[in-house]
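Fold and geometry: a report
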Amino acid sequence: MRRAIFPGTFDPFTIGHYSVVTRTLTFMDEVIIGIGINENKNTYFPIEKRVDMIQKFYKNEPRIKVMSYDCLTVDFAQQVGARFIVRGIRTVKDFEYEETIADINRKLTGIETILLFTEPELTCVSSTTVRELLSYDKDISMFIPKGMEI
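To keep things clear, this report deals only with the structure shown in the data block.

The rules behind the values
- Residues numbered from 1 in each chain as written.
- Predicted model: local features only at pLDDT ≥ 70, side-chain atom pairs only at ≥ 80, totals over all residues.
- Heavy atoms only, no water.
- Pairing = 2+ DSSP bridges.
- Helix = DSSP H or I, 4+ residues; strand = E, 2+ residues; numbered from the N terminus.
- Right-handed = clockwise from strand over helix to strand, strands pointing away.
- Polar contact = N/O pair within 3.5 Å; in protein donor to acceptor, adjacent residues only side chain to side chain.
- Contact = heavy atoms within 4.5 Å.

**Things to note about the pairing of strand S3 (residues 64–69)**
In terms of strand pairing, strand S2 (residues 30–36) meets S3 through 6 bridges, oriented parallel. The partner of Gly34 across the bridge, within S3, is Met67. Note that the unit made of S2, helix H2 (residues 47–57) and S3 has a crossover that is right-handed.

**Topic: the side chain of Asp11**
For Asp11, the location among the structural elements is in the loop between strand S1 (3–8) and helix H1 (15–24). At 2.6 Å, the side chain of Asp11 and the backbone nitrogen of Tyr44 are in polar contact. When residues no more than four places from it in sequence are discounted, the contact partners of Asp11 are Asn42, Thr43, Tyr44, Phe45, Arg50, Ser127 and Arg131.

**With respect to unusual backbone geometry**
Asp11 connects to Pro12 through a cis peptide bond whose omega is 0 degrees. One can find Pro12 in the loop between S1 and H1. A positive phi angle is found at Phe10, which is not glycine, with a value near 50 degrees. With respect to the secondary-structure elements, Phe10 resides in the loop between S1 and H1. Despite not being glycine, Asp137 shows a phi value in the positive range, around 55 degrees.

Here it is, written out as structure tokens:
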């Protein structure tokens with residue numbers, strides 16, 4: 001079984017995240033969306049709400065699981081038996097950061113990281129900007145997957 005984790009804060013889960021998951025399912029048997037607990041980040045939604053929103057959205061997709069974790073991402077991958085970490089990247093800056101982490105993770109555990117480039121029309125979408133729009137009571141429906149309940 002080819003199992004990958006797709007780690008992130010997902011605060012909230014955007015159409016960019018949805019694109020990465022959809023594309024990952026074309027070459028993986030299972031994707032675990034791993035919602036990392038990061039005390040240094042100011043989140044909009046509590047962790048339980050984020051897990052619940054994403055689980056409900058994917059309730060009819062048995063190849064996707066949603067879990068939270070409070071450890072190094074590579075340790076989480078080992079705990080769930082994933083041999084791959086999938087990351088979406090929008091910019092050169094994202095690439096440079098992810099390349100460094102991927103190298104360290106591979107040296108520590110042998111777990112490979114697969115980088116998927118964001119589709120051009122989605123490069124402007126980030127959870128940070130969507131959170132800001134939420135804080136000003138703006139409509140975010142064009143930035144989250146159709147059918148996702150916030």
